[in-house]
Amino acid sequence: MKAIQDFSSSNCSVPGGDIDLLLVNGQIYTVNPDQPWAEAVAIRAGKFVAVGNREALESMAGGQTAMIDLQGRFVMPGIYDMHTHPDLALAPGYAGFLDVGMEDPTPQQVKQAIVEYGEQHTDNAWIYGQSFVRYTFKQAGISADRFWLDSFIADRPVAIHDRSWGCMLANSKALELAGIDANTADPGNGYIERDPLTGEPTGILVDGAYSLVYQAMPPTPAHALERAYRDGLNYQAGRGVVGTKYVHVCEHRLNALKAVDDAGLMSARVEAAISWQDDIFPVKRRWELLAGERHYYRSNRLNANAVKFHFDGTHESRSSYLSSPWPGEKKWRGGLNLTPEHITDMVADMDRKGIRVIAHCTGDGASDLFLDAVAAARKRNGGQGIRHQCAHSTNLLDENLPRFAELNVTAEFSPVGWYPSPFADARLNVGEERWPRMYNFKGVLDAGGIAVMGTDWPVSHINPWVGFEAMITRQNPMSASNDVFHGEPVSLEEAIRVMTLNGAYSMGLEETAGSIEVGKSADLIVLDQNPFEIDLKGVLHKTRVELTLLEGQCTWDALGCLENTDNRAVWRSLPNF
């Protein structure tokens, strides 16, 4: 952030003096095994300079020290969301694109939303937006295809994403403008669903295939991207997030992030992962960015030293790449968007350059290949290298659980994807044999690996506390039902570590952030309830974050305790997502 110009270096250290901020009378859970609990912390120049009891730390206060009496409130380190997409969730709406506005809309509701949007936006050449859900079409006995769209809008191009962003449904006009017909070859990172007899496209474009439609559409406006990131950061600060990864970015998105950063509004550490190929939208100047232009965007809150690979597809589209054929199939194992040789060489190259690889792997075959590629990279480049990330980790082979620790690879999960719901149940189409291995968070941790949480918004909700509760209960936080999804839950202590120190580890920051320890970055959150003193089911996800500090800077202050100081909160109200 440009507003902060008080940097330190070998011979230019930050001067001493009074501590800046003293928080006392709290129940502070530090995630430091040598000192798990404290009642006070002292902060100077953005770092914890003392952690201990109230009496000892109060003596450190001087005339310039701001003091906060926590009145017994619970405090823990700030939260890390290691996979999310504010741009995909918000920018379409801010650009005026279609938003059906429901989690599981019926085909009739999708149709009504499209028709109403078309009538209200006659000046828009395209009807584009989100989202439909394929299983609600199956439940209704309707084929989600171009003929269904053509039946009520045939003269204007229509393209709409499914909820998982694993595919797009386009009408005949959109396919025509994109130049997609029976003679169009599948791209390497996706495929065009076709009529088995004629080869004509059905209108369903899976994974990178829908990038072909994007190339025919106007790009998302810059103002919409900038506002999406700004509001995303605002919401995250209000929920206690201090570190996050925005996965799948291009040059336009990096420019929007830099504008937010330059305005002093980057209220979390952001790692932006550049798309390896046109998985979602066209990514121009990819090679220039990876070669070195990414450094133009670097600050102490923003970096683009990561690349996002889309190895396979999604369970909903049966394009997840499995280690054996899908149920009911003799050969079809799903879609692998790159060859094993391509994966290995590129992972090794990125590893050598110090660029983190975040690999979308929903199938157990895709994650197996990714781990093989990292093993090859370690062998070629030596050492443990940069920490790469297996994104989603929806289904993992038992044999691979110890490899996450052995290869220093982070396993990332989206807990919202595993609480009982129609959306989660749809992913059980991988077959009963694989159900016990769905989202094996506990297995990775027990094997000594680092597991982290990603909300994967807009596939799931951006509120990390929903996933926090689901991680521990594997139950639906919003339902009175006691149904439990397949797999083993983790303890509260494990979940807090996953949400904090493990996230910092995943960003290479575990020595400087992620726990409340002397010398580390002064990142913490103050809550309205103590998770160790409540019934977690149905309650933990309602936790209210009352104060968020990042490097001692107040980013969120529901208590108003720093309102009249120089450390006034960056954000003062919560967007209603």
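In this text the structure is predicted, and so the values were computed from the model without any measurement.

Kindly report on helix α11 (residues 340-353), identifying the contributing residues and their values.
Across its 14 residues, α11 extends 20 Å between first and last C-alpha, which sits within 8% of the 20 Å expected from 1.5 Å per residue. When we look at burial in α11, the residues that qualify are I343, T344, V347, A348, M350 and D351. Down the axis of α11, the buried set is contained in an arc of 165°. They therefore lie on one face. Exposed and oriented more than 90 degrees from the buried face of α11 are E341 and R352. The inward-facing, buried residues of α11 contact β17 (302-310), β18 (356-361), α12 (364-381) and β19 (388-392). Looking one or two places after α11, you find G354, whose phi comes out positive at around 75°.

Break down the nonpolar core for me, with residues and values.
By size, the foremost hydrophobic cluster in this structure holds 100 residues, and its most contacted members are F370 and F468. With seven residues, the top contributor of residues to this core is helix α8 (residues 222-238). Aside from chain neighbours lying at most four places away, what touches F468 is M76, L492, A495, I496, M499 and L540. Listed in part, the 23 residues of the second largest apolar core include L88, I180, Y210 and V283.

Lay out the environment of G292 with the relevant residues and their values.
Within the secondary structure, G292 sits in the loop between α10 (286-291) and β17. A relative accessible area of 25% means that G292 is categorised as partly exposed.

Explain the environment of D81 residue by residue, including any values.
With respect to the secondary-structure elements, D81 resides in strand β8 (residues 79-84). Distance in space between the C-alpha atoms of D81 and I534 is 24 Å, their sequence separation being 453 residues. In this structure D81 touches Q236, V241, G243, T244, K245, M453, G454, T455 and I462, once residues within four positions along its chain are discounted. Within the local environment of D81, its side chain forms a polar contact with the side chain of T455, the two groups lying 2.7 Å apart.

Could you give me a rundown of the pairing of β19, with the residues and numbers involved?
Counting buried positions over the five residues of β19 gives five, a clear majority of the element. In the sheet, β18 pairs with β19 via four bridges, with the strands oriented parallel. Note on β19: the bridge partner recorded for I358 is Q389. Read from β18 through α12 to β19, the crossover connection turns out right-handed. The pairing of β19 with strand β20 (residues 409-413) spans three bridges and is parallel. Looking at the pairing, C390 lines up with A411 of β20.

Go over the pairing of strand β15 (residues 241-249) with me, naming the residues and quoting the values.
Of all the nine residues making up β15, nine are buried; the element is thus mostly covered by neighbouring parts of the structure. In the sheet, β8 pairs with β15 via four bridges, with the strands oriented parallel. Following the sheet pairing, I79 is matched in β15 by V241. Pairing geometry for β15 and strand β16 (residues 269-275), over six bridges, is parallel. Counted as the bridge partner of V249 is I274 from β16. Each parallel crossover has a hand, and the one from β15 via helix α9 (residues 251-262) to β16 is right-handed.

Which residues make up the sheet that holds β18, and what values do they have?
Across the sheet, eight strands lie side by side as β8-β15-β16-β17-β18-β19-β20-β21; this open sheet has parallel pairing. Either end of the sheet is taken by a strand with one partner, and the two such strands are β8 and β21 (451-453). Between one strand and the next, the sheet's axes are offset by a mean angle of 25°, whatever the strand orientation. Contacts from α8 reach β8, β15 and β16 within the one sheet, and its direction differs from that of β15 by about 150°.

Can you break down the side chain of T202 residue by residue, with the values?
Inspection of the secondary structure puts T202 in strand β14 (residues 201-207). Once you skip the residues sitting within four places of it in the chain, T202 turns out to touch D145, R146, E193, R194 and D195.

Cut-offs and rules
- Residues numbered from 1 in each chain as written.
- Predicted model: local features only at pLDDT ≥ 70, side-chain atom pairs only at ≥ 80, totals over all residues.
- Heavy atoms only, no water.
- Helix = DSSP H or I, 4+ residues; strand = E, 2+ residues; numbered from the N terminus.
- Expected span 1.5 Å × (residues − 1).
- Buried < 20%, exposed > 50% of the residue type's maximum accessible area, 1.4 Å probe, protein only.
- Arc of directions from axis to C-beta.
- Contact = heavy atoms within 4.5 Å.
- Core = buried A, V, L, I, M, F, W, Y, C linked by side-chain atoms within 4.5 Å.
- Polar contact = N/O pair within 3.5 Å; in protein donor to acceptor, adjacent residues only side chain to side chain.
- Pairing = 2+ DSSP bridges.
- Right-handed = clockwise from strand over helix to strand, strands pointing away.
- Axes fitted to C-alpha atoms, helices over the stretch in contact; angles between N-to-C directions.

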